[in-house]
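# Structural overview for review
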Amino acid sequence: MNRAVVIALPGNEARANRLAHAMQAERIGLVYRRFPDGESFLRIDADLADRDAVLVATLDRPDPKIPRLLFAADLARDLGARRVVLVAPYLPYMRQDHRFDPGEALTSVSFAKRISATFDGLVTVDPHLHRYPTLDAVYTIPSEVVAAAPALAEWITATVDRPLVVGPDEESGQWVRAVAEARGLPWRVMSKQRFGDHDVRIEAPDLDGLDGHHPVLVDDILSSGATLADAARVLAEAGLPIPACAVVHGLFGERARDTLAAAGIETVVCTDSVDAQEARIDLAERIAPAVRTLLDAGG
Ligand code: R5P
């Protein structure tokens, strides 16, 4: 018997349908509403005895989403679920992985502690691993990481003629190399200094011998858009065409689209790890086997 059931947290219904289909697993509804004072009401009309509950909740703009996620996990367990697993295609609070100034909250650790205490396993897509080598450095539950690079590489080669894969900063290097090496494409990584949320300075890479190529900026996260906008400006100054952009997680902060448009960027695509009009790369078929691997490893 296929013991897994897929449950969507509010806003994740379409994503959960795609995942349930890819896993050939049953999809179970969650009734959710808010009381007049804003507190959450949740109900699951199913017996979960001896089933594995797979909760789907992407966690961009996470703060309003956390209480109901924890309540839903407890509810699934109360209803008899054997294991409760979180599928969070975007895993938040990974960037505060260091106390940059005294007194700052190490939110990556606090968040990981809560999730590890609530769930039996975690599946996510390309978490922002910069100072942490793996998720195990902060999460104490088993996890599976889905790599989006093959999907980005597929989009790039299908869409862009003679692509040159460019990373706007050192942190993007891991995705840039994975994308470029998957398809034998040339690549470069630039260096970036950040002075504030919307203020970055990027230095041009060595572009010798790359005339006639079309740059594609690849990064894991698009938030304010400042990184991609400045990188596009630097490439244009070096004589290259305005780049297309392919990112894993399109968070699109408030003014991001204006920032990208002001830099002349017209083509931006991201995965469906986050809901955005630019989310044209469906990851369900890649997430499904990762969920299966996690469940199978637990017996
Ligand atoms: C940096 O650590 C990440 O890889 C991204 O480059 C960064 O989060 C992008 O942020 P923004 O769009 O705000 O420049």
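Residues numbered from 1 in each chain as written. Predicted model: local features only at pLDDT ≥ 70, side-chain atom pairs only at ≥ 80, totals over all residues. Heavy atoms only, no water.

Our focus in this paragraph is the pairing of strand 5 (residues 52–56). With 5 of 5 residues buried, strand 5 is to be regarded as a mostly interior element. Alternating residues of strand 5 divide into Asp52, Val54 and Val56 and Ala53 and Leu55, and every residue in both groups is buried. When strand 1 (residues 4–8) meets strand 5, the two strands line up parallel, connected through 5 bridges. The partner of Val6 across the bridge, within strand 5, is Val54. Taken together, the 5 bridges between strand 5 and strand 6 (residues 83–88) define a ladder with parallel strand orientation. Among the inter-strand pairings, Val54 is bridged to a residue of strand 6, identified as Val85. In this region the chain leaves strand 5, passes through helix 2 (residues 66–78) and returns to the parallel neighbour strand 6; the handedness of that crossover is right-handed. (Buried < 20%, exposed > 50% of the residue type's maximum accessible area, 1.4 Å probe, protein only. Helix = DSSP H or I, 4+ residues; strand = E, 2+ residues; numbered from the N terminus. Pairing = 2+ DSSP bridges. Right-handed = clockwise from strand over helix to strand, strands pointing away.)

What follows concerns the sheet that holds strand 6. One open sheet accounts for 6 strands, arranged 2-1-5-6-7-8; its pairing is parallel. The open sheet terminates on both sides in strands that have one partner only, identified here as strand 2 (26–28) and strand 8 (143–146). In this sheet, adjacent strand axes meet at a mean angle of 25 degrees when their direction is disregarded. Along the sheet face, helix 1 (residues 13–23) touches strand 1, strand 2, strand 5 and strand 6 and points at about 165 degrees away from the line of strand 1. (Axes fitted to C-alpha atoms, helices over the stretch in contact; angles between N-to-C directions. Contact = heavy atoms within 4.5 Å.)

One finds Val218 and Ile287 to be the most contacted residues of the largest nonpolar core, which totals 45 residues. When residues of this core are assigned to their parent elements, the largest contribution, 7 residues, is made by helix 8 (residues 284–297). Three or more residues apiece are contributed to this core by two domains, here domain 1 (4–146 + 283–297) and domain 2 (149–281). When neighbours within four sequence positions are excluded, Ile287 is seen to be in contact with Leu19, Val87, Pro89, Val123, Val125 and Val146. (Core = buried A, V, L, I, M, F, W, Y, C linked by side-chain atoms within 4.5 Å. Domains from an automatic or database assignment.)

Okay, the domain arrangement of the protein chain next. Entries for the protein chain in the domain assignment read domain 1 (4–146 + 283–297) and domain 2 (149–281). A straight line from the C-alpha centre of domain 1 to that of domain 2 covers 28 Å. Contacts between domain 1 and domain 2 engage 17 residues on the former and 21 residues on the latter. Interface of domain 1 and domain 2: buried area, both sides summed, is about 1,600 Å²; carbon and sulfur atoms make up 46% of it. Looking at the side of domain 1 facing domain 2, the largest losses of area belong to Tyr90, Asp126 and Leu283, adding up to 33% of the total buried there. At the boundary of domain 1 with domain 2, the tally comes to 3 salt bridges. On inspection of domain 1 and its partner domain 2, the count reaches 15 residue pairs in polar contact (both at pLDDT 80 or more). Looking at the side of domain 1 that touches domain 2 residue by residue, the class counts come to 6 nonpolar, 4 polar and 7 charged. (Buried area = accessible area lost by both parts, 1.4 Å probe. Salt bridge = Lys/Arg side-chain N within 4 Å of Asp/Glu carboxyl O. Polar contact = N/O pair within 3.5 Å; in protein donor to acceptor, adjacent residues only side chain to side chain. Nonpolar A, V, L, I, M, F, W, Y, C, P; charged D, E, K, R; others polar.)

The next point concerns the site of the ligand. Surveying the vicinity of the ligand reveals 15 residues, the closest of which are Glu171, Asp219, Asp220, Ser224 and Thr227. Residue Arg95 places a side-chain N or O atom 3.3 Å away from an oxygen atom belonging to the ligand. Between the ligand and the protein, one listed contact pairs an oxygen atom with a side-chain N or O atom of Asp219 at 2.6 Å. Look at the ligand: alone it shows 370 Å² of surface, and the protein chains cover 93% of it. Of all elements in the fold, only strand 11 (191–196), strand 13 (214–222) and helix 6 (226–237) reach the threshold of two or more residues within the shell around the ligand. Among the elements that take part in the shell around the ligand, strand 13 stands out by supplying 4 residues, more than any other. Grouping the constituent residues of the shell around the ligand by class yields 3 nonpolar, 5 polar and 7 charged. (Near = heavy atom within 4 Å. Areas by Shrake-Rupley, 256 points an atom, 1.4 Å probe, with all protein chains shown as cover.)

The strand order across the open sheet built from 6 strands is 10-9-13-14-15-16, with neighbouring strands paired in parallel fashion. Of all strands in the sheet, those with a lone pairing partner are strand 10 (187–189) and strand 16 (279–281), marking the two edges. Going from strand to strand, the sheet's axes swing by 35 degrees on average, the running direction of each strand aside. Across 4 bridges, strand 9 (residues 163–167) lies against strand 13 in parallel orientation. Paired with Val166 across the strands is Leu217, a residue of strand 13. Sitting on the sheet, helix 5 (residues 173–183) touches strand 9, strand 10, strand 13 and strand 14 (244–250), and the angle it makes with strand 10 is about 175 degrees.

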